[in-house]
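# Coordinates in review
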Amino acid sequence: MITTIDERVEEFLDSANIIFITGEINDEMYRYVVSKLIYYAAESRNPIYLIINSIGGSVYSAYGIISVMKSIKNEIVGIANGIVSSAALVLLANCDYRYAFSGSSFMHHLPSTSVEGTDIDIEHMIEELNIIKNHEFFKNTEKLTPNSIDLTRNVDHAFTLEQAKESGLIQKVIKDFDDIVPEKYAEDIKASIVQEISTNILAVFEEYDDVEMFSEALDLVKYAIAEEKWAAAYGKI
């Protein structure tokens, strides 16, 4: 069966539990992300990776996604890659692990809306905004924003990757995709690699009695085992 490049990419992303959150966060994005979260959670308990490059959008859609994130047993790894602002920042702040590529930037602001109507309509909207602002998910975001930001002022607060690291919003800046596996998983993987290499040394030695050939063969075994273990960490096998 012939498949297109897009289909092969999508198949890889599904096997690796990777979800891209790009553009506006809205009802359509909510349906896409939530369906992926539920599907991946049903398939395995491997971590799920959210790669986020979004200016934000509907806080209701973001809260809906976060609710599902917190209802499944998989740990969620949020990865900033580009701009992460507004509702997208709330998403990132509520992930179990929060990483960023070096080109990332961030923006925080209080919930806002535009409303027309009577004074009663405006009062209701103010009440609604206060409910959004006092929600646990939004409070989690405020706890991780830089101390230099005045959270009482309803303006856009842009901040840098360095500030995000200092505040705890970002736990690690990643240089390549090997870095996106959470440390506790990485340690287990490294330990299993060492264990499996040890059990294979004797078999390799019995096959290659020449020291140089043994060394080369052992390197190949190490590489193959390491590749397999790291692939398993991404959910690919």
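Residues numbered from 1 in each chain as written. Predicted model: local features only at pLDDT ≥ 70, side-chain atom pairs only at ≥ 80, totals over all residues. Heavy atoms only, no water.

## A few points about the environment of Arg 98
- Looking at the secondary structure, you find Arg 98 in strand β4 (residues 97–101).
- Overall, the relative accessible area of 10% leaves Arg 98 in the buried class.
- Measuring from C-alpha to C-alpha, the distance between Arg 98 and Ala 80 comes to 7.8 Å, with 18 residues separating the pair along the chain.
- For Arg 98, the residues in contact, after removing those within four places along its chain, are Gly 78, Leu 92, Ala 93, Leu 144, Gly 168, Leu 169, Ile 170, Gln 171 and Lys 172.
- In this structure the side chain of Arg 98 is engaged in a polar contact, spanning 2.7 Å, whose partner is the backbone oxygen of Leu 169. (Helix = DSSP H or I, 4+ residues; strand = E, 2+ residues; numbered from the N terminus. Buried < 20%, exposed > 50% of the residue type's maximum accessible area, 1.4 Å probe, protein only. Contact = heavy atoms within 4.5 Å. Polar contact = N/O pair within 3.5 Å; in protein donor to acceptor, adjacent residues only side chain to side chain.)

## Here we look at the confidence of the model for the chain
- This prediction gives the chain a mean pLDDT of 76; 57% of its residues lie at or above 70.
- The spread of mean pLDDT over the elements of the chain runs between helix α9 (residues 211–233), the lowest at 55, and helix α2 (residues 27–43), the highest at 96. (pLDDT = per-residue confidence, 0-100.)

## Focus: α2
- For α2, with 17 residues, the first-to-last C-alpha span of 24 Å sits near the 24 Å given by 1.5 Å per residue.
- Listing the buried residues of α2 in full gives Met 29, Val 33, Val 34, Lys 36, Leu 37, Tyr 40 and Ala 41. On an axial view of α2, the arc spanned by its buried residues comes to 160°, and they lie on one face. Looking at α2, the residues exposed on the side facing more than 90 degrees away from the buried face are Asp 27, Glu 28, Arg 31, Ala 42 and Glu 43. (Expected span 1.5 Å × (residues − 1). Arc of directions from axis to C-beta.)

## So, the pattern of salt bridges
- A complete count under the given rule lists two salt bridges for this structure.
- Across the pair Glu 10 and Lys 36 runs a salt bridge, and its minimum N-O distance is 2.7 Å. Of this pair, Glu 10 sits in helix α1 (residues 5–15) while Lys 36 sits in helix α2; the two residues are 26 residues apart in sequence, bridging distant segments of the chain.
- Across the pair Lys 36 and Asp 14 runs a salt bridge, and its minimum N-O distance is 2.7 Å. Residue Lys 36 is found in helix α2, and its partner Asp 14 is found in helix α1; the two are separated by 22 residues along the sequence.
- For Lys 36, a relative accessible area of 10% gives the class buried.
- One connected set of salt bridges, linked through shared partners, spans Glu 10, Asp 14 and Lys 36. (Salt bridge = Lys/Arg side-chain N within 4 Å of Asp/Glu carboxyl O.)

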